[in-house]
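The lines below spell out each chain.
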Amino acid sequence: MEKYETVSNPGTKAMHPNGSPIPLIGIMKFTFLAALLAMFGDAAIAHAMLWGNDPYWTYWITDGLLMSTVFGLGTAFFGAGVGRGAILTAVHIFLLTTYYWILSPIGLPGHGEWLDLERTWLTGLPVHFGIYYLGYLVALWLWRKHKHAKHTGLQLKYFKEIAIVALIMAAGIVVILGLVQTILKSEFPGATWFIVRLAVSFPFIFAWWAIVGKGRTSYITGGVMLAFLLSAYTHYLAPIGLPNPSLRIFEKYPPSSEVHWLSYRDEFLIILPITLIVAIIAFFIGNRRIKGGGAANATEKKPAKIMSIGLLAAAIAIIIVGFVVFKYTGPEVHRVTISASSAATLEQGQFYSNNMAATTAAIEARTENANTHRTPLPPHDKVDINATVTTPDGLTWNVVASQPIISDPLGRFTTWAGVGYDVWHHGRSGIGTSKLPDTHSDVAVYALGNVMSDGRVIASGVPVHLMTTEREGGRLELHVGDTSFPVSGIPDGHFRVVWANYTSDYSRTFDFAKYAWGGIWLITLLLLALAAAKTENPDNMRA
């Protein structure tokens, strides 16, 4: 039976379930640590691995502040613990999901994009609960571990040794990973790759040993944390290829800076597991080399046998799922071909007047959604659209488009770098035009192309929009021209062609593969965090 004791000044301290007071400064530190780790997990696992999107940096600031509010109030009133953390996380997730469902799109202050039902309530609710609870548990374990390490762990006299070992570990990890990546990709990642990852790895390793101390759970969790830290850094902040030859040393003119992102398969199914193995081995070796802190393991309670079996089963599951998922994450899963022919309708008069007349038209479009980052860096999406349209006057027009629009030239809305799969636009979405209803598209394309007739180019650099829809009698639409860019030389300054049906090889296999891979990692890390949180005495939460 949990009990709470009162203190002389209840305004200065909250109570831990064991009756120990927690100073307000402790509540603040724990709250911000939990929020920071939860945001880190959200970026590294949920958005990078499981959904494969980038909600933009403002999302994590807003979410972190909201989480700090909920965690701070909850800890102040009810204390900290495994069960309380689950309840506080559930409250926060409900508030967060409601906020992004009703009040705000993601992507601000850039191009806003509303999340759909699947990515808010259906998958967002359980995934975010798991991720944020994982952050809370890791913070709880770190807090307890640090309080114990201050008294029985590493002493100040060993910090110079820790710094040396940390530097050697960081350099060894980075060099090994750089060589492995060079061999696997047949591409040198660039000198900058090594420098920035050394700058990321050393302070983390040094801080980890100094704060957490030694021990089995310390080196395992340290290796896991570093692996995901490097993975998240690579995914969001560090495309490869710098510096480009030739190096600028004495010249005053800037060199070229052609860089590119790695693919999902390369990042998370090849490099991440290798990084995890290398980091854990390095932490294990460092754990044996560092002096002092030997008592850090003394109070670690052995996890229950069933938990150990569960963690082993989860590790085996990761390997099995990885082999299965690998097959469905290759370049081909990012490509979709769409075709339609014969009967269609062609809009007459003004754009979006819906005054449609019967015509004949045909189209074949090949698309590739190669870049899910919010940057214009390669790899770029690919588009190859070839359409023919017959107008009421009997003329046949050819529309050819092969250049994706990386960003809207007027900055009006996102174009998903040219190609978007499983997206919402038009209507109230703020993407496209409000003159069309809210539209869910398996495939949506924004590109630039040429319009030809009788072998002559009538217009070049024309905006072209292709989209699938779920509307009966209008499953596929091709828009040539734009309300802001009427095309001279063609009837009514635009084409809007609608086909009742189309054929496509679109599949959500890649989405489900990401769900499986990100999900199995989330479950495994959550079990690991639960086991680690139970290895430390709750008394270490005081002060």
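Just so it is clear, the structure is predicted and the values come from calculations on it, not from any experiment.

Parameters at a glance
Residues numbered from 1 in each chain as written. Predicted model: local features only at pLDDT ≥ 70, side-chain atom pairs only at ≥ 80, totals over all residues. Heavy atoms only, no water. Core = buried A, V, L, I, M, F, W, Y, C linked by side-chain atoms within 4.5 Å. Buried < 20%, exposed > 50% of the residue type's maximum accessible area, 1.4 Å probe, protein only. Helix = DSSP H or I, 4+ residues; strand = E, 2+ residues; numbered from the N terminus. Contact = heavy atoms within 4.5 Å. Expected span 1.5 Å × (residues − 1). Arc of directions from axis to C-beta. Polar contact = N/O pair within 3.5 Å; in protein donor to acceptor, adjacent residues only side chain to side chain. Pairing = 2+ DSSP bridges. Patch = residues over 30% accessible without salt bridge, like charges linked within 9 Å, V, L, I, M, F, W, Y side chains within 5 Å. Areas by Shrake-Rupley, 256 points an atom, 1.4 Å probe, with all protein chains shown as cover. Salt bridge = Lys/Arg side-chain N within 4 Å of Asp/Glu carboxyl O. Axes fitted to C-alpha atoms, helices over the stretch in contact; angles between N-to-C directions. Left-handed = near helix turned anticlockwise from the far one by under 90°. Nonpolar A, V, L, I, M, F, W, Y, C, P; charged D, E, K, R; others polar. Phe/Tyr/Trp six-rings, centres within 6.5 Å; stacked < 30°, edge-to-face > 60°. Lys NZ or Arg CZ within 6 Å of the ring centre and 35° of its normal.

A. Quick look at the nonpolar core. Formed by 93 residues in total, the largest nonpolar core has its most connected members in Y132, I205, F228, F283 and W517. Sort the elements by how many residues they give to this core and helix 1 (residues 24-51) lands first, with 14 residues. Contact partners of Y132, with chain neighbours within four places excluded, come to A38, M39, D42, Y59, D63, M67, T89, H92, I93 and L96. In this structure, A340, A361, V383 and W397 belong to the second largest nonpolar core, which totals 34 residues.

B. Summary view of helix 7 (residues 191-212). An ideal rise of 1.5 Å per residue puts 32 Å on 22 residues; helix 7 measures up with 32 Å between its terminal C-alpha atoms. By the burial criterion, the buried members of helix 7 are W193, F194, R197, V200, S201, F204, I205, W208, W209 and V212. Along the axis of helix 7, the buried positions cluster into a sector of 145 degrees, meaning they face one direction only. Pointing more than 90 degrees away from the buried face of helix 7 are the exposed residues I195 and A199. Just downstream of helix 7 lies G213, where phi reads positive at about 85 degrees.

C. Representation of the side chain of H494 in the model. Along the polypeptide, H494 turns up in the loop between strand 11 (476-480) and strand 12 (495-499). Here E347 takes part through its side chain, which lies 2.9 Å from a polar atom of the side chain of H494. Filtering out sequence-adjacent residues up to four positions away, H494 remains in contact with E347, G349, Q350, F351 and V480.

D. View of the pairing of strand 3 (residues 335-340). In strand 3, alternate side chains face the same way, and those of V336, I338 and A340 are buried while those of R335, T337 and S339 on the opposite face are not. Taken together, the 6 bridges between strand 3 and strand 5 (residues 356-368) define a ladder with antiparallel strand orientation. Looking across to strand 5, one finds that S339 is bridged to E364. In this structure, strand 3 lies alongside strand 13 (residues 503-504), joined through 2 bridges in antiparallel fashion. If you follow S339 over to strand 13, its bridge partner there is T503.

E. Up close: a nonpolar patch on the surface. Taken together, the side chains of W101, I102, L103, L117 and L122 make up a nonpolar region of the molecular surface, amounting to roughly 530 Å² of accessible area. Within the residue set of the nonpolar patch, elements represented by two or more residues are helix 3 (82-103) and helix 4 (117-122). In terms of residue count, the dominant contributor to the nonpolar patch is helix 3 (3 residues). Assignment of secondary structure puts L117 in helix 4.

F. Representation of unusual backbone geometry in the model. Each neighbour pair has its own omega, and for L108 with P109 the value is 10 degrees, a cis peptide bond. Looking at where P109 falls in the secondary structure, it is placed in the loop between helix 3 and helix 4. Here the bond from P378 into P379 is cis, since omega is 0 degrees, no more than 30 degrees from zero. Despite not being glycine, Y56 shows a phi value in the positive range, around 85 degrees. Topologically, Y56 is positioned in the loop between helix 1 and helix 2 (57-78). Positive phi is not limited to glycine here, since S342 has a value of about 65 degrees. Residue position: S342 is located in the loop between strand 3 and strand 4 (343-347).

G. Expanded view of the packing of helix 2 against helix 3. Orientation of helix 2 relative to helix 3, taken along the N-to-C sense of each, is 145 degrees, at an axis distance of 10 Å. Like other packed secondary-structure pairs, helix 2 and helix 3 cross with a definite hand, here right-handed. Contacts from Y59, T62, D63, L66, M67, V70, F71, G74, T75 and F78 of helix 2 reach helix 3 at R84, L88, T89, V91, H92, L95, L96, Y99 and Y100. Partitioned by chemical class, the residues of the contact of helix 2 with helix 3 number 12 nonpolar, 5 polar and 2 charged.

H. Molecular detail of the side chain of T31. Mapped onto the elements, T31 comes out in helix 1. A polar atom in the side chain of T31 sits 2.8 Å from the backbone oxygen of I27. Those residues in contact with T31 that lie beyond four places of it in its chain are S68, F71 and G72.

I. Highlighting the packing of aromatic side chains. For the structure shown, the criterion picks out 28 aromatic pairs. Consider the rings of F129 and Y133, whose centres lie 5.7 Å apart with planes at 25 degrees: the pair is stacked. Highlighted residues: F129 and Y133, both in helix 5 (residues 124-152), separated by 4 residues, approximately one helical turn. On the basis of an interplanar angle of 90 degrees and a centroid distance of 5.4 Å, the ring pair of Y264 and F510 is categorised as edge-to-face. Residue Y264 is located in helix 9 (residues 264-289), and its partner F510 is located in helix 11 (residues 509-533); the two are separated by 246 residues in the primary sequence. Y264 gets classed as buried once you look at its relative accessible area, which sits at 9%. Here F510 falls in the buried class, since its relative accessible area comes to 11%. Grouping aromatic residues by their ring pairs yields a cluster made of Y59, W60, Y99, Y100 and Y236. The side chain of R265 reaches across the aromatic face of F326, ending 3.9 Å from its centre.

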